[in-house]
Amino acid sequence: MTEYRRLAIDEVGDVTVVRFRDQKIIDDLNIQELGRELARLVEVENRKKLLLNFSAVEFLSSAALGKLITLDKKVKAAEGMLKLCNIQPQTYEVFIITKLNRLFDIKESEAEALAAF
Amino acid sequence: MSEPRWIWQCDHVILSQPGAGRKIRQEVLRQLHQRQWAKHDVFSIHLALEEALVNAIRHGNALDAAKEVHVQCRMSDDLMQIEVADQGNGFDPAGLPDPTDHAHRETPSGRGVLLMRRFMDRVEFNEKGNVVLLEKRRTHPPEDPCSSDPS
């Protein structure tokens, strides 16, 4: 079983539900590690359906957004599906300002997101 | 306009390495929490400071161990000012591509300056582009003072 330091992984049916261990995704070194762990899900473990649950996340920087964009590209290249859910209002404001709410498929709740796969 | 009456100031020089700004970030957040700035103001300053520090360390000084980043913070009852200066070659902020443009939306970087401008009241670069001044006016009354952990 692979150890993840920045992520907590669950499986619901054929969907991999990914939760973040950090409330604030800001530390530069942690973000680099986060990027490697997200990439591993797709490139090493070949997971095709990913749901990122942001319920624990209070804050994320543009560097963290960059890792999500890179993950999105990897998932698309592998012909998989990526959805995001439970993004808190202040964090969602960052997605709106950057218009990344148009790039990602964002659902309000985990149940709604799981039903959409 | 008269100079604001500063009630707190700090002045730090940090190395150009990832995470070097952590102590400054904690110090600024502690001051904002102690003085009960509104939650959204704290979020905005936190985000802009982080983006400015990463820009200076990673892009400005290109993680060069021989270069430093100078950070000055000033707070009055109504205003927070932060100046971040690196020793890099600078850049032209007007020349940055619009990261919200469809053509650049999938580019993983280039959103820091946009976020600084949207969350702060004033963002000014010097002519060379290696010093940025960030300014946030306090929201009154603090309808939702921040009470969470400042770390």
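An account of the accompanying structure is given in this report. Within each chain, residue numbers correspond to sequence positions counted from 1 in written order. The order in which chains are written sets their letters, starting at A; the order in which ligands are written sets their numbers, starting at 1. This being a predicted model, a pLDDT of at least 70 is required before a residue's local features are given, and a value of 80 or more before pairs of side-chain atoms are given or counted; all residues contribute to the totals for chains, interfaces and linings. The side-chain numbers reported here are obtained from all heavy atoms of the structure, hydrogens and water having been left aside.

What about the state of the cysteines?
Pairs of cysteine sulfur atoms within 2.5 Å are what we label disulfides. Taken as a whole and assessed by the stated rule, the structure comprises 0 disulfides over all chains. With no disulfide partner, C73 of chain B has as its closest neighbouring cysteine sulfur the one in C10 of chain B, 3.6 Å distant.

Thoughts on the pairing of strand 4 (residues 49-53) of chain A
As a general feature of sheets, a regular strand has side chains that alternate between the two faces. Residue and element names in this part refer to chain A. The buried count for strand 4 comes to 4 of 5 residues, which makes it a mostly enclosed element. Taken together, the 4 bridges between strand 2 (residues 15-20) and strand 4 define a ladder with parallel strand orientation. Note that in strand 4 the partner of V17 across the bridge is L51. Relative to strand 6 (residues 81-85), strand 4 runs parallel, the two being bridged by 5 bridges. Pairing of N53 across the sheet is with C85, part of strand 6. The classification of residues rests on relative accessible area computed with a 1.4 Å probe and restricted to protein chains. Under 20% of the type maximum is buried, over 50% is exposed, and intermediate values are partly exposed. A run of DSSP states H or I qualifies as a helix once it reaches four residues; a run of E qualifies as a strand once it reaches two. Both are numbered from the N-terminal end. Paired strands, as defined in this entry, are two strands with at least two bridges between them according to DSSP.

A short note on the nonpolar core
In terms of nonpolar packing, the biggest core is built from 37 residues, with L52, F54, L68, F95 and F104 of chain A touching the most fellow members. With 6 residues, the single largest contributor to this core is helix 2 (residues 62-77) of chain A. In what follows, a contact means two residues having at least one pair of non-hydrogen atoms within 4.5 Å. Leave out the neighbours within four places in its chain, and F104 of chain A touches L68, I69, D72, L82, L84 and F95 of chain A. What is meant by a nonpolar core is a set of buried Ala, Val, Leu, Ile, Met, Phe, Trp, Tyr and Cys residues, joined one to another through side-chain atoms within 4.5 Å. In this structure, W37, I45, A56 and V71 of chain B belong to the second largest nonpolar core, which totals 30 residues.

Quick word on the sheet that holds strand 5 (residues 131-137) of chain B
Residue and element names in this part refer to chain B. With antiparallel pairing, 5 strands are arranged side by side in an open sheet as 1-2-3-5-4. Only two strands of the sheet have a single neighbouring strand rather than two, namely strand 1 (8-15) and strand 4 (122-125). The sheet shows a mean angle of 10 degrees between the axes of neighbouring strands, direction not considered. Set on the sheet, helix 3 (residues 112-119) makes contact with strand 4 and strand 5; between it and strand 4 the angle comes to about 135 degrees. To define axes, lines are fitted to C-alpha atoms, for helices over the stretch in contact only, and angles between the resulting N-to-C directions are given on a 0 to 180 degree scale.

Let's talk about the side chain of E33 of chain A
Residue and element names in this part refer to chain A. If you trace the backbone, E33 turns up in helix 1 (residues 28-43). Judged by its relative accessible area of 14%, E33 is buried. Here E33 is in contact with R5 and R6, once residues within four sequence places are set aside.

Some words on helix 2 (residues 39-60) of chain B
One less than the number of residues in a helix, times 1.5 Å, gives the span that helix is expected to have. End to end, helix 2 of chain B covers 30 Å across 22 residues, agreeing with the expected 32 Å (1.5 Å per residue, within 8%). Within helix 2 of chain B, 18 of the 22 residues are buried, leaving the element largely enclosed by the surrounding structure.

A short note on the packing of helix 3 (residues 89-97) of chain A against helix 3 of chain B
Close contact between helix 3 of chain A and helix 3 of chain B brings their axes to 11 Å; oriented N to C, the two are set at 120 degrees. Between helix 3 of chain A and helix 3 of chain B, the angle falls in the class oblique. By crossing handedness, the relation of helix 3 of chain A to helix 3 of chain B is classed as right-handed. Of helix 3 of chain B, the residues touching helix 3 of chain A (which contributes E93, V94 and I97 of chain A) are L114, L115, R118 and F119 of chain B. Residues are grouped as follows: Ala, Val, Leu, Ile, Met, Phe, Trp, Tyr, Cys and Pro are nonpolar; Asp, Glu, Lys and Arg are charged; all remaining types, including Gly, are polar. Residue composition of the contact of helix 3 of chain A with helix 3 of chain B, grouped by class: 5 nonpolar, no polar and 2 charged. Here roughly perpendicular refers to angles of 65 to 115 degrees, roughly parallel to angles under 35, roughly antiparallel to angles over 145, and oblique to all remaining angles. Note on convention: the crossing is left-handed when the near helix lies turned anticlockwise from the far helix by less than a right angle, right-handed when the turn is clockwise.

With respect to the sheet that holds strand 7 (residues 105-107) of chain A
Residues and elements named next belong to chain A. The strand order across the open sheet built from 5 strands is 1-2-4-6-7, with neighbouring strands paired in mixed fashion. The sheet is open, and its two edges are formed by strand 1 (7-12) and strand 7, each paired on a single side. Neighbour to neighbour, the strand axes of the sheet diverge by 25 degrees on average, direction disregarded. Here strand 1 pairs with strand 2 via 6 bridges, running antiparallel. Its bridge partner lying in strand 2, A8 is registered against R19. Strand contacts of helix 1: strand 1, strand 2 and strand 4, with the helix running at about 25 degrees to strand 1, the strand carrying the most contacts.

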